[in-house]
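For reference, the chains in residue letters:
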Amino acid sequence: LKQEQPARKYTDPENYEKINNYIAKLKLYISPQTPGFTFILTDVSGNSFIENPYAPNPDPNLREAKFERNLEQNHYLGIGLNKVDDSESSSTSTSTSNPPTTESKQTTTPTPKASEGLTDMIAELADAPEEVMGFETPCSVCGRIGMTKMIMTSIPHFKEVVIMAFSCEHCGYKNNEVKAGGAIGDQGTKQELILEHPTDLDRSILKSETASISIPEIDFEVMAGSFGGKFTTIEGVLKAIRENLMSNPFLMGDSADVEQRGKATEFMDKFTKLSERDEAKFEKWTLIMDDPVGNSHIQNLYAPDDDPNMKTTQYTRTWEQNEELGLNDINTENYSSGQ
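Note that the coordinates shown come from a computational prediction; the quantities given were computed from them, not determined experimentally.

(A) View of the sheet that holds strand β4 (residues 174-180). Strand order in the open sheet formed by four strands is β1-β2-β3-β4, with antiparallel pairing between adjacent strands. Both outer strands of the open sheet, β1 (133-138) and β4, are each paired with one neighbouring strand and no more. Mean inter-strand twist for the sheet, computed between neighbouring axes without regard to direction, equals 25 degrees. Of the pairings in the sheet, the one linking β1 to strand β2 (residues 145-154) comprises six bridges and is antiparallel in character. Bridging from a neighbouring strand, P138 pairs with I145 of β2.

In structure tokens, the structure reads:
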């Protein structure tokens with residue numbers, strides 16, 4: 001901004017003053033007297049990071065959100081621009097001339113009864129077209145038309161969930177997502193599970209996108225929104241968290257300094273021990289999952305009786321939590337259809 005200022009002072013005095021004032025603001029922000037400011041980084045490629053000085057613990061001043069790229073953003077990155085062969089072109093033109101509708105593309109059958117194996121069901125959804133509803137969706141990677149399949153089922157002793165699986169036959173991209181069905185709960189839910197045996201790692205867990213996870217033994221916390229909704233096992237959640245941590249270049253990559261990398265390595269050793277399968281080496285630890293919406297669940301092996309190793313607490317959300325969830329602006333009083 002300063003490079004052209006000497007010439008701009010005479011050719012464009014009005015903008016010269018405006019830019020001078022702007023430069024003064026920038027200098028103030030990087031000075032010790034900074035009033036504080038918000039820095040927003042958006043990267044459609046997902047390859048940018050802001051260093052977390054508190055890593056591996058969450059940064060109280062940093063919020064991260066992931067989003068699906070739209071078609072325009074994919075084209076900007078050069079994704080999905082390759083020409084398809086004649087057979088694919090024919091298939092694409094046919095689907096373009098006949099836009100997909102839920103009436104023409106949906107196939108519905110009775111919902112399979114809820115039971116064990118929901119994790120396997122997620123992986124197999126893309127290969128089970130006769131058991132679920134299906135509709136065409138643009139692929140977020142290549143931009144071509146793929147198939148999203150969806151089914152609603154219920155978790156025993158909890159509530160209904162919606163399982164969605166996307167598969168693109170053109171680029172091979174696959175994705176799955178789990179969302180709780182029904183309304184937002186009146187109260188939040190906090191579950192504390194003490195894991196005493198390696199078999200506890202096999203407990204099923206439904207983590208919604210609004211839930212946070214903490215492990216006090218290693219002073220670790222995953223904030224809500226760090227990764228989306230998942231239905232897996234406790235071991236599966238640990239694996240997802242580990243992959244997320246390992247992908248951070250400021251924690252484990254070349255961008256980390258020697259001291260930071262040493263601390264991260266020490267922490268990852270502690271984190272890896274949580275999923276120890278050797279009974280003799282397994283050390284008891286606590287998993288805490290807090291969901292202000294109440295749409296998360298840890299499997300109770302003693303259901304319908306209480307689990308002696310698990311404590312479930314329901315609580316009233318604070319105003320700040322309702323504000324973050326967008327609930328303070330929802331008004332359903334004196335509401336009637338047609339108004």
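(B) A look at the sheet that holds strand β8 (residues 220-222). With antiparallel pairing, the five strands of this open sheet are ordered in space as β8-β7-β10-β5-β12. Strands with a single pairing partner mark the edges of an open sheet, and in this sheet they are β8 and β12 (310-315). If you compare each strand with its neighbour and ignore which way they point, the axes differ by 15 degrees on average. The pairing of strand β5 (residues 188-195) with β12 spans six bridges and is classified as antiparallel. Directly across from L193, in β12, lies its bridge partner M310.

(C) Broad picture of the packing of helix α7 (residues 234-246) against helix α8 (residues 258-273). Between α7 and α8, the least distance of the axes is 11 Å, while the angle of their chain directions is 165 degrees. Taken together, the axes of α7 and α8 lie roughly antiparallel to each other. In this structure, α7 crosses over α8, and the sense of that crossing is left-handed. Two secondary-structure elements touch here, α7 through L238, I241, R242, L245 and M246 and α8 through F267, M268, F271 and T272. Of the residues in the contact of α7 with α8, the class split is seven nonpolar, one polar and one charged.

(D) Seen up close, the pairing of strand β10 (residues 285-291). β10 sits mainly inside the fold: six of its seven residues count as buried. Relative to β10, β5 is paired through seven bridges, and the arrangement is antiparallel. Pairing of L195 across the sheet is with W285, part of β10. As judged from the three bridges shared by strand β7 (residues 212-215) and β10, these two strands associate in the antiparallel manner. Its bridge partner being in β10, I213 is matched across the sheet by M289.

(E) Spotlight on a nonpolar patch on the surface. A surface patch of nonpolar side chains, amounting to about 1000 Å² of accessible area, comprises L1, Y22, L26, Y29, I30, F37, F39, L41, I50 and L62. Its place among the elements puts Y29 in helix α2 (residues 13-29).

(F) Representation of the pattern of salt bridges. Taken as a whole, this structure holds seven salt bridges when the rule is applied. One network of salt bridges, in which partners are shared, links D200, R203 and D307.

(G) Geometry of the packing of aromatic side chains. Scanning all chains against the criterion turns up five aromatic pairs. Measuring from ring centre to ring centre gives 6.2 Å for F166 and Y173, while their planes differ by 50 degrees; the resulting arrangement is tilted. What makes Y173 partly exposed here is its relative accessible area of 25%. Both rings, one in F267 and one in F271, keep their centres 6.1 Å apart while their planes meet at 35 degrees; by these two values the pair is tilted. Placement of the pair is F267 and F271 together in helix α8, with a separation of four residues, close to one helical turn. Since its relative accessible area comes to 7%, F267 is described here as buried. For F271, a relative accessible area of 2% translates into the label buried.

(H) Structural detail: the nonpolar core. Among the nonpolar cores identified, the biggest contains 29 residues, and I215, F220, F271, W285 and L287 are the most heavily contacted of them. At the level of elements, β5, β7, β8, α7, α8 and β10 are the ones that each hand at least two residues to this core. For this core, the element with the most residues is α7, which contributes five residues. Residues contacting L287, with those up to four places away along its chain left out, are Q191, E192, L193, L195, I205, I213, S214, I215, I234 and I298.

Scoring rules and cut-offs
Residues numbered from 1 in each chain as written. Predicted model: local features only at pLDDT ≥ 70, side-chain atom pairs only at ≥ 80, totals over all residues. Heavy atoms only, no water. Pairing = 2+ DSSP bridges. Helix = DSSP H or I, 4+ residues; strand = E, 2+ residues; numbered from the N terminus. Axes fitted to C-alpha atoms, helices over the stretch in contact; angles between N-to-C directions. Parallel < 35°, antiparallel > 145°, perpendicular 65-115°, else oblique. Left-handed = near helix turned anticlockwise from the far one by under 90°. Contact = heavy atoms within 4.5 Å. Nonpolar A, V, L, I, M, F, W, Y, C, P; charged D, E, K, R; others polar. Buried < 20%, exposed > 50% of the residue type's maximum accessible area, 1.4 Å probe, protein only. Patch = residues over 30% accessible without salt bridge, like charges linked within 9 Å, V, L, I, M, F, W, Y side chains within 5 Å. Areas by Shrake-Rupley, 256 points an atom, 1.4 Å probe, with all protein chains shown as cover. Salt bridge = Lys/Arg side-chain N within 4 Å of Asp/Glu carboxyl O. Phe/Tyr/Trp six-rings, centres within 6.5 Å; stacked < 30°, edge-to-face > 60°. Core = buried A, V, L, I, M, F, W, Y, C linked by side-chain atoms within 4.5 Å.

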